[in-house]
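# Reading the structure
Letter by letter, the chains look like this.
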Amino acid sequence: MDELRVAGAKAAAIMADHLADDGDRPVWQPVPAGERAWLSGQNLPDTGRPLDELLEDVRAHVLPYPMGNGHPRFFGWVNSPPNPAGVVVEPLAAALNPSCAGGDHAGPHLERAVVRWLADLVGFPHPPGGGLLTSGASMATIICLASARRRAALADGWDAREEGLSGHPPMVMYVTDEGHSCLHKAAQLLGLGARHVRAVPVDDAYRMDVGALRAMVSEDRAAGLRPFCVAGSAGTVNSGAVDPLNEIADVAAEHGLWFHVDGAYGALGVLADGAAPHYAGMERADSLAMDPHKWLGVPVGCGCALLRDASAARTAFSLVPSYLVDDNAGDLGWFAEYGPEQTRPFRALKTWATMSHLGRAGIKRLVDHTSGLARTLADMVAESGDFELLTPVTTSITAFRHIPREDGLDALNRAIPGAVQARGNAFLTGTRLGGRDALRACFLHPDTTERDLAILLDEIRLAAKTL
Ligand SMILES: Cc1ncc(COP(=O)(O)O)c(C=O)c1O
């Protein structure tokens, strides 16, 4: 174990150097061909290698080529830097190496607390057992929609787990085009059929048009289909828009639909000063998907499914063979009964550490700071002569485009993200919004400053000149 002690200390030092350094490195750089070959082409060694050598390899070949999300000028997709408390406990979770499927050990107990904290933080009702940690929001969404499907079938007097879906009216789900692809993937995986996911139109601010939703549900019902679920977004990935959740909840109540909210990225935005009215109605959802590995900064691999009815996911997933029966499990049973995963990693430790380290005040400060940056960038864009803002800022995403000339703006804005990334001084990604190619900057890093925003706009201008 001396080797472990020495290597552990060395790993801690490498980790601290890596995290301390991030601001001085390129935000991102392509992996050179030789390094790519080293990373992907190596053979399994015939004999084992010492820990120290492995750490040297990691230092030389892995750490120099990060995705970039540790850097304060990384504004791509929705990827945060890791919170140091989450980082520091990761090896301890690995050292303990439990399966948090269930049982009487620290992991499942801590998961109960963390899930409750997440629900409390965003004001979602939390009956004991009403949620679980997942690999990410995609998995959380599968759990929530499977629960919805199960409930709808039972309400109609049949059992989707037993019978499968054939022979029953197709179930229909409603989501805007701004809804995340994971909603579509989940619907397809659950056998609902892509054609039964309706694209509800959006208003000028990319929020669900609830009048249109109401009409579509009535039409589908009249046509003999089975509307069963509406999925609202609490922070879309394109622009950070929050759907009118209260009005959607009304339609769900009128028509007996399951109301799911995708808060993977944006649910935490409810904490920002003045933001709560945008989120009114989120607490009325049947299920809420959150992603602690986004805005909170929990190291990657932690989503959360929250359910208003604690038994909903259990009835959709519980299947306990004789070799897993635990007579001491208590009323809530095992976490593995609430989703598709059996062996489950100790996600709660890094989530607990991150949330405890920040505290409620620190989490709010992070959300306020990053939301403020998005608004400041929007102001800078609006005041500039060569950028235009595409939608008001609701969370911590600014959607905009560069307009240095009259023609070819779609092609230009489509090419800008790659050109900016290649320069290494900032990282942003693009999208299409309202039929136009757009730029979007997502703010999640606690150390990003207003100066970084000015650098971003300059980097876009410089990159555009080369295109
Ligand atoms: C709004 C939104 N929903 C869902 C997801 C899917 O989450 P995950 O990647 O954790 O599965 C994302 C990921 O970026 C997202 O931004």
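Below, the structure is looked at part by part. Remember, predicted model here, so these are calculated numbers, not experimental data.

## So, the sheet that holds strand β11 (residues 436-442)
Taken together, the four strands give an open sheet; going across it, the order is β8-β9-β11-β10, and neighbouring strands pair in antiparallel fashion. The open sheet has two edge strands with one neighbour each: β8 (387-389) and β10 (429-433). Pairwise comparison of adjacent strand axes, ignoring direction, gives a mean angle of 45° for this sheet. Sheet topology places β10 next to β11; five bridges connect them, and they run antiparallel. The residue of β11 that forms the bridge with L433 is R436. Of the strands in this sheet, β8, β9 (397-402) and β11 touch helix α12 (residues 347-383), which is tilted by about 20° from β9.

## Digging into the nonpolar core
By size, the foremost hydrophobic cluster in this structure holds 127 residues, and its most contacted members are L213, V230, I248, M282 and A305. By residue number, the principal contributor to this core is α12, which donates 13 residues. When residues no more than four places from it in sequence are discounted, the contact partners of M282 are V122, F124, A234, L245, V261, G263, A267, V270 and L288.

## As for the site of the ligand
Near the ligand you find 13 residues, and of these G136, A137, S138, H180 and A264 are the closest. In terms of residue class, the shell around the ligand is built from six nonpolar, five polar and two charged.

## Structural notes on the sheet that holds strand β5 (residues 258-263)
One open sheet holds the seven strands; their spatial order is β1-β7-β6-β5-β4-β2-β3, and the pairing between them is mixed. On the outer flanks of this sheet lie β1 (131-134) and β3 (197-200), each paired with one strand and no other. When strand polarity is set aside, the average angle formed by the axes of neighbouring strands in this sheet is 20°. Of the strand pairs in this sheet, strand β4 (residues 226-233) and β5 are connected by five bridges, and their pairing is parallel.

## Here's the deal with the packing of helix α13 (residues 409-423) against helix α14 (residues 450-465)
Two quantities define a packed helix pair, namely the angle between the axes and the distance from one axis to the other. In the contact formed by α13 and α14, the axes pass within 8 Å of each other and the chain directions differ by 110°. Between α13 and α14, the crossing angle belongs to the class labelled roughly perpendicular. Across the interface between the two elements, L412, I416, A419, V420 and R423 of α13 pack against E459, I460, A463 and A464 of α14. Considered class by class, the residues forming the contact of α13 with α14 number seven nonpolar, no polar and two charged.

## A look at the pairing of β1
Of the two faces of β1, the one lined by G131 and L133 and the one lined by L132 and T134 are each fully buried. Bridge count for β1 against strand β7 (residues 303-307) is four bridges, and the pairing is antiparallel. Among the inter-strand pairings, G131 is bridged to a residue of β7, identified as L306.

## Some words on unusual backbone geometry
For residues that are not glycine, phi is negative in most cases, and the peptide bond is trans in most cases. For W77, which is not a glycine, the phi torsion comes out positive at approximately 30°. Note on placement: W77 falls in the loop between α3 (51-62) and α4 (84-96). We classify W77 as partly exposed; it has 17 C-beta atoms within 10 Å. Positive phi outside glycine occurs at Y206, with the angle close to 65°. Mapped onto the secondary structure, Y206 falls in the loop between β3 and α9 (210-222). A residue is classified by how many C-beta atoms lie within 10 Å of it, and Y206, with 24 of them, is buried.

## Observations concerning the packing of α9 against helix α10 (residues 245-255)
Two elements in contact, α9 and α10, have axes whose closest approach is 10 Å; the angle formed by their N-to-C orientations is 15°. Classified by the angle between their axes, α9 and α10 sit roughly parallel to one another. Regarding α9 and α10, the two cross each other, and that crossing is right-handed. Residues V210, L213, R214 and V217 of α9 touch α10, and the partners they reach there are E247, I248, V251 and H255. Counted by class, the contact of α9 with α10 contains five nonpolar, one polar and two charged residues.

Cut-offs used in this document
Residues numbered from 1 in each chain as written. Predicted model: local features only at pLDDT ≥ 70, side-chain atom pairs only at ≥ 80, totals over all residues. Pairing = 2+ DSSP bridges. Helix = DSSP H or I, 4+ residues; strand = E, 2+ residues; numbered from the N terminus. Axes fitted to C-alpha atoms, helices over the stretch in contact; angles between N-to-C directions. Contact = placed C-beta atoms within 7 Å. Core = buried A, V, L, I, M, F, W, Y, C linked by C-beta atoms within 7 Å. Buried ≥ 20, exposed ≤ 12 C-beta atoms within 10 Å, placed from the backbone. Near = placed C-beta within 6 Å. Nonpolar A, V, L, I, M, F, W, Y, C, P; charged D, E, K, R; others polar. Parallel < 35°, antiparallel > 145°, perpendicular 65-115°, else oblique. Left-handed = near helix turned anticlockwise from the far one by under 90°.

None of the figures reported here should be taken as evidence of function without further support.
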